[in-house]
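Each chain, letter by letter, is given below.
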Amino acid sequence: KAFWGIAERQTMAARLKRCVVRRRDGPEQHGVAASCLRELRDKACGVLAIDKAQEPITLVLAEDGTIVDDEDYFLCLPSNTKFVALAKDEKWSSKILDSGTSWLSESVDEVDSAAEKWKQLARQLKDDLSNIILMSEEDLQVLIDVPRSDLAEELAQSETKIQVLQDTLQQVLDRREEERQSRQLLELYLEALKTEDSILSKVAEPEAAPRKEMDVVDTGTRSTDTRATTVLRDQVLAALKEKPAPELCLDSQDLELVLKEDTAALASALAWDKQKAGALQEACDQELSKRLKQVQTLHSLRSTSKGKKTLPWGDWPSSKRKK
């Protein structure tokens, strides 16, 4: 009987996953072990002293705010994964956390000079090379333009490895530009099809058919005296309005801000209709999700690689395209 009791306890321990939980605004962390999501939520409420009135809580990954609500996904996470417990009506923000994409909350606008800016960006790469994925096109170009010797000194790496790094940065830029051009070509093709269909339909219409006067419909795009407020910077608004596929040039923090904007406020700020603003937010959502999945994949690969705390510099492929 004692043998079976020990065996049962060992089986239960094997099913338990070690996790680290903390509140949204608190630095204090607690280690808990749970066999399923429901058990983890219950234990998190207990150790974090979350009041019943603030339940149900939402568990998100501390590194990037990914909501964990799928049991299979929870079981695939490695041990000691860090979670943030969000009480009812609370929302995750990268500005509060000390991991994942929190480095993006350091405002580059506050940097006094270009030299300090590239050094700040270099420190982000020194912490985690996967931050390349989350950078804006402007930040990528800043690091590409830094003299190789200066960047090598700042990152404490050889110039050969810095060349590989800058080639990789250029490769990321090239891929985004290729994706932008592909989207533009697709839009031109679809527009040409619409024009062709319109011409054919007009030719098919009887010439004697009387034309009906079309009622003028207010689409809501006219500017009004009372303009909805937006927290987006003028630089971001200009990129959204003027650049093709603007979601490709923004960094991940700006993409998050666009998603959090009220659609009507965004439409008003850009002088667009609400449908076009909604389509832009959807494109930003897809781009942000893609980047975070790429970062999460790299982190997962790193956690399974024994003895590798950072991504190996030498494993980054060099780009064939030069600036």
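Scoring rules and cut-offs
- Residues numbered from 1 in each chain as written.
- Predicted model: local features only at pLDDT ≥ 70, side-chain atom pairs only at ≥ 80, totals over all residues.
- Heavy atoms only, no water.
- Helix = DSSP H or I, 4+ residues; strand = E, 2+ residues; numbered from the N terminus.
- Buried < 20%, exposed > 50% of the residue type's maximum accessible area, 1.4 Å probe, protein only.
- Areas by Shrake-Rupley, 256 points an atom, 1.4 Å probe, with all protein chains shown as cover.
- Disulfide = S-S within 2.5 Å.
- Patch = residues over 30% accessible without salt bridge, like charges linked within 9 Å, V, L, I, M, F, W, Y side chains within 5 Å.
- Salt bridge = Lys/Arg side-chain N within 4 Å of Asp/Glu carboxyl O.
- Lys, Arg positive; Asp, Glu negative; His and termini not counted.
- Charge placed at Lys NZ, Arg CZ, Asp CG, Glu CD.

The protein is annotated in an unreviewed UniProt entry as DFFA factor from Chaetorhynchus papuensis.

Description of the overall build of the protein
In terms of regular secondary structure, the protein is built from 11 helices and four strands. In the protein, buried positions account for 37% of the 323 residues. For the protein, the accessible surface area stands at approximately 20300 Å², while carbon and sulfur atoms represent 52% of it.

Re the state of the cysteines
For the structure on display, the rule yields zero disulfides. Free of any disulfide, Cys284 has its nearest neighbouring cysteine sulfur in Cys249, separated by 9.1 Å. In this structure Cys284 comes out as buried when scored by relative accessible area, which is 0%.

Topic: a negative patch on the surface
On the surface, Asp69, Asp70, Glu71 and Asp72 cluster together into a patch of negative charge. With respect to the helices and strands, the residue Asp72 is situated in helix 3 (residues 71-76).

A short note on the pattern of salt bridges
A full pass over the atoms with the stated rule returns 13 salt bridges. Note that Lys52 and Glu55 form a salt bridge whose closest N and O atoms lie 3.9 Å from each other. Of the residues examined, Lys52 reaches a relative accessible area of 68% and is grouped as exposed. For Glu177, the salt bridge identified is with Arg180, shortest N-O distance 2.8 Å. Of this pair, Glu177 and Arg180 both sit in helix 7 (residues 159-204), three residues apart, roughly one helical turn. Judged by relative accessible area, which is 33%, Glu177 ranks as partly exposed. Within this structure, Glu179, Arg183, Glu247, Glu287, Lys290 and Arg291 form a network of salt bridges that share partners.

Notes on unusual backbone geometry
Note the cis peptide between Glu55 and Pro56, where omega equals 0 degrees. Tracing the sequence through the fold places Pro56 in the loop between helix 2 (37-47) and strand 3 (58-61). A positive phi angle, near 60 degrees, is found at Ala271, a position not held by glycine. Looking at where Ala271 falls in the secondary structure, it is placed in the loop between helix 10 (263-270) and helix 11 (274-304).

Points about the environment of Ala238
Within the fold, Ala238 resides in helix 8 (residues 234-242). Ala238 gets classed as partly exposed once you look at its relative accessible area, which sits at 30%. Sequence-wise, Ala238 and Leu270 are 32 residues apart; in three dimensions their C-alpha atoms are separated by 8.5 Å.

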